[in-house]
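Analysis of the macromolecular model
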Amino acid sequence: WRLGIATGAYSSIAAFADWVLKSEPSPRTGLVIMSHYSDQEEALSFGAGSVVTPAAFSRQFKWPSFALLNACGTGDAQGSSIIAQLNRKGFSSVVATSMEVDAEMAADFLRCFASKVEGPKGETAPIGIIFRESVACMKTHYPVLRHSYMLLGDPSTPVCRAASL
């Protein structure tokens, strides 16, 4: 999803890779990725043979953009290369995971995050507030594991509200 100016979803890794590989500039972007993370390849994994490495992020995004990397361990030491590349490409804030998360928990976090982004179109909210509210939303179902998500970077990065996601 790219939230704000335009909203789009990529149903295949090939379509996403084609988009992110283009070196043309993009507007401020909210990038949400749900995948697996392969420590061995230091890549986002979308199934057998379908990976996106940090080097694949050629597109330059308008500063400040944000990303939600909803995949296991994207915020740990092995995931730092993809976060560093996103930062070089215009992402001032990244929400990542510090540990393994199962598919149900990842879907719940995305649902919480999306509900906190929803609001009057054209308004913005700092990513730090949206992140804090998303973690609080997880508290009822995951009293301990809710700390598996982390916000890296600038908590004041503005997120454009969307009427519905």
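Further up the page is the structure itself.
Quantities reported herein were computed from a predicted structural model and do not represent experimental measurements.

Calculation rules
Residues numbered from 1 in each chain as written. Predicted model: local features only at pLDDT ≥ 70, side-chain atom pairs only at ≥ 80, totals over all residues. Heavy atoms only, no water. Salt bridge = Lys/Arg side-chain N within 4 Å of Asp/Glu carboxyl O. Helix = DSSP H or I, 4+ residues; strand = E, 2+ residues; numbered from the N terminus. Buried < 20%, exposed > 50% of the residue type's maximum accessible area, 1.4 Å probe, protein only. Polar contact = N/O pair within 3.5 Å; in protein donor to acceptor, adjacent residues only side chain to side chain. Contact = heavy atoms within 4.5 Å. Arc of directions from axis to C-beta.

1. As for the pattern of salt bridges
One pass over the full model with this rule turns up one salt bridge. Ionic pairing is found between Asp-108 and Arg-111, a salt bridge with its closest N-O pair at 2.5 Å. With Asp-108 and Arg-111 both in helix α3 (residues 103-117), this residue pair falls three residues apart, about one helical turn. With a relative accessible area of 14%, Asp-108 lands in the buried category.

2. Let's talk about the environment of Ser-35
Here Ser-35 is to be found in the loop between β2 (30-34) and β3 (36-38). In the structure, Ser-35 is positioned 34 residues away from Leu-69 in sequence and 8.0 Å away in space, judged by C-alpha atoms.

3. What about the side chain of Arg-59?
Here Arg-59 lies in the loop between β5 (51-52) and β6 (60-61). Engagement of the side chain of Arg-59 in a polar contact is seen with the backbone oxygen of Trp-19, the distance being 2.8 Å. Setting aside chain neighbours within four positions, we find Arg-59 in contact with Trp-19, Val-20, Lys-22, Ser-23, Glu-24, Pro-25, Ser-26 and Lys-89.

4. Observations regarding helix α1 (residues 13-21)
Residues of α1 that are buried include every one of Ile-13, Phe-16, Ala-17, Trp-19 and Val-20, and no others. Along the long axis of α1, the arc covered by the buried residues comes to 165°, so they all point the same way.

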